[in-house]
Amino acid sequence: MKFDRGICVLSIWVNQRNKAFFVLTTIFAISLAGTSHAAEQVGSTGEALGASIAGFLGPISAVLADFVFKEFAVGDLLIPWIVVWMAIPMFFLTVYFGFINFRSFGIAKKILTGRYWDEKAEGEVSQFQALTTALSGTVGIGNIAGVAVAIGTGGPGATFWMIIIGLAAMSVKFAECTLGVKYREVHEDGTISGGPMYYLKNGLKNRGLKKLGIALSISYVVFALPAILQWATVNQIHSQLSSATGLFAGNGLGFGIVLAVLVGAVILGGLHSIAAVTSKLVPAMVIVYLGAALVVLISNFSAIPAAFLTIFEHAFNPQAVGGGIIGVIIIGMRRAVYSTEAGLGTSSMVHAAAKTKEPVSEGMVGLMEPFIDTVMVSTITALVIVVSGAWQIDGLNDIQLTSKAFETTISWFPWVLSLAVFLFGFSTIISWAYYIEKVWEYIFGDSNISIKTYRLIYVLLLIPGAVLTAAQVFDIIDSLFFLMAIPNIIGLYILAPEIKADLKSYLARLKSGEIKETNPS
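Per chain, residue numbering runs from 1 following the sequence as it is written. Under the rules for a predicted model, residues below a pLDDT of 70 receive no local features and side-chain atom pairs below 80 are neither given nor counted, while totals for whole chains, interfaces and linings still include all residues. Hydrogens and water molecules were not included; the side-chain quantities draw on all heavy atoms of the structure.

Student: How should the overall build of the chain be read in this particular structure?
Tutor: Runs of E in the DSSP output that reach at least two residues are strands. Runs of H or I that reach at least four are helices, and both are numbered from the N terminus. Looking only at helices and strands, the chain features 23 helices and four strands. Here the chain holds 521 residues, and 58% of them are scored as buried. In this analysis, two residues are considered to be in contact whenever any of their non-hydrogen atoms come within 4.5 Å of each other. Within the chain, contacts between residues separated by at least 24 positions form 82% of all contacts whose residues are at least 6 apart in sequence. Computed by Shrake-Rupley with a 1.4 Å probe, the accessible areas treat only the displayed protein chains as cover when residues are assessed. Surface exposure of the chain reaches about 20400 Å², of which carbon and sulfur atoms provide 65%. Throughout this description, buried means an accessible area under 20% of the type-specific maximum (1.4 Å probe, protein chains only), exposed means over 50%, and partly exposed covers the range between.

Student: Is there a simple way to think about the confidence of the model for the chain in this case?
Tutor: Interpreting fine coordinate detail is not advised for predicted regions of low pLDDT. What pLDDT conveys is the predictor's confidence in a given residue, as a value from 0 to 100. Chain-level statistics for the chain give a pLDDT mean of 79 and a share of 79% at 70 or above. Put simply, helix H1 (residues 2-14) is where the chain has its lowest mean pLDDT, 39, and helix H10 (residues 196-206) is where it has its highest, 95. Within the model, the stretch residues 1-39 combines pLDDT values under 50 with 42 contacts to residues more than four positions away or in other chains.

Student: Would you explain the nonpolar core in this entry?
Tutor: Across soluble globular proteins, nonpolar side chains have a tendency to be buried as a group. Buried residues of nine kinds, namely Ala, Val, Leu, Ile, Met, Phe, Trp, Tyr and Cys, make up a nonpolar core once their side-chain atoms join them within 4.5 Å. Residues Phe174, Leu259, Val263, Met364, Phe406 and Tyr458 are the most contacted members of the largest nonpolar core, which totals 147 residues. Ranked by the residues each element gives to this core, the list is headed by helix H21 (residues 413-444), at 17 residues. Other than its neighbours up to four places away in sequence, Tyr458 contacts Ile228, Gln230, Val263, Ile267, Ile429, Trp432 and Ala433.

Student: What is the right way to read a nonpolar patch on the surface from this model?
Tutor: Patch membership requires over 30% relative accessible area and the absence of a salt bridge. Like charges are linked within 9 Å, and nonpolar side chains (Val, Leu, Ile, Met, Phe, Trp, Tyr) within 5 Å. One speaks of a salt bridge when a side-chain nitrogen belonging to Lys or Arg is within 4 Å of a carboxyl oxygen belonging to Asp or Glu. Residues Ile88, Phe92 and Tyr493 make up a contiguous nonpolar surface patch of roughly 260 Å² in combined accessible area. As for its position among the elements, Tyr493 is in helix H23 (residues 470-512). Residue classification places Tyr493 among the partly exposed residues on the basis of a relative accessible area of 31%.

Student: I would appreciate a short explanation of the side chain of Glu362 in the present structure.
Tutor: Position of Glu362 relative to the elements: it lies in helix H18 (residues 359-366). Under the rule applied, a polar contact is a pair of N or O atoms within 3.5 Å (in protein, one hydrogen donor and one hydrogen acceptor; residues adjacent in sequence only if both atoms are side-chain atoms). In this structure the side chain of Glu362 is engaged in a polar contact, spanning 2.5 Å, whose partner is the side chain of His351. Residues in contact with Glu362, not counting those within four places in the same chain, are Gln127, Ala130, Cys177, Val181, His351, Ala354 and Thr356.

Student: Help me understand unusual backbone geometry in this model?
Tutor: For residues besides glycine, phi is generally negative; the peptide bonds are generally trans as well. Positive phi outside glycine occurs at Phe99, with the angle close to 55 degrees. Structurally, the position occupied by Phe99 is in the loop between helix H4 (81-96) and helix H5 (100-103). Owing to a relative accessible area of 41%, Phe99 belongs among the partly exposed residues under this scheme.

In structure tokens form, the structure reads like this:
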């Protein structure tokens, strides 16, 4: 009941600027808080719904997975082609851009602290808000559940390869966010539209490849639109909440309805509302989660060196993993891509709305995402799982593995993790609402009716995520995620030379003082 009353308070907070929806969501939340018996009755309905959806999407998911993860032989090894497709540009662009992922931290810090702030620049949000909104989409279930899935299926060694991919992914993210700002479209009312569909269309047109640009942009939105199904996040929030606290246990449908109402309360306000919430949620959720993780690591401080050694040893000598070292690399790659989203181009949609006249500056802000969400947060999650010994428990291979790792230190820590998971997941869902809204807008236009229709559909489609199994959800989502990378990466290769030229120009103008600090410390 305390959790349900908390829902009432949150619905009031996020709806201060939308009185009509405020009334509806508050009444709905109160009714749920007072009718737990009614919530129990929908449990069986949820199970039936889950079975129906799984029965319908199962064959589709199988076909997608067979294509996306189709393997080819290299000697005695079988390697999914999509892993190679995703890995090559990460390392190629790292070298091609002169290891920009390692030498831009200082500049990125200055940008984020407002040292180059330009009040006259076009854009809807600050560069810091763009980063926190994008991070709220990447620092989430992928870092808590995704790491657990990687270790549960590939052993501790999968963490090592997640870190390597995370570092290389920074260069891809730099390219995407730079292009996002460079080829964004500014509307008469000052709102911004940007992302892969725009830089594929407009960028390739500038290079005399108009038809290819149109083809790639259309294929991107076709592959991206199904990502309206944010089931993985919903599923793992419900899994942790129900297992750790008993709330909504056996009642995924009821949880899905409550979550849908809360998400709807935020996304009705558009990007400004989303950015306002995420700029507060992201720091809060990182503090809650990392604070809890720190307690576990301090309690097991003497085991940390051995944990690093275990991760390294299992990276090159995996145990009980099909495909040996290649098998564990593939597992790490799948989870790292889901965590960073580098190569998918999605976060460039929100970075495109940043207030700046310098596309490269936003690229430097954007490359911090993989470092924070994968190199830092995912590594800490992995250390907690390994030092606690939870990874050796049979039968745990999703977010409950992370929960068990926290529980080994303090029995009530799963409650803390439940709060962190809810904050992570909620922020991810509202960020993706903006990403897919831009895809929807590209296809169906940005009329008031079109956008309201999209937001209603997005909210309603959250509900089934809690009634499906983790295996069903991740098979579907993994396939859809990787498909978006096909047209996006083709575009990145073609546009890489002009990104490199823009980077050279930007660094030269910084060095010469042409780009001046507006708020020097």
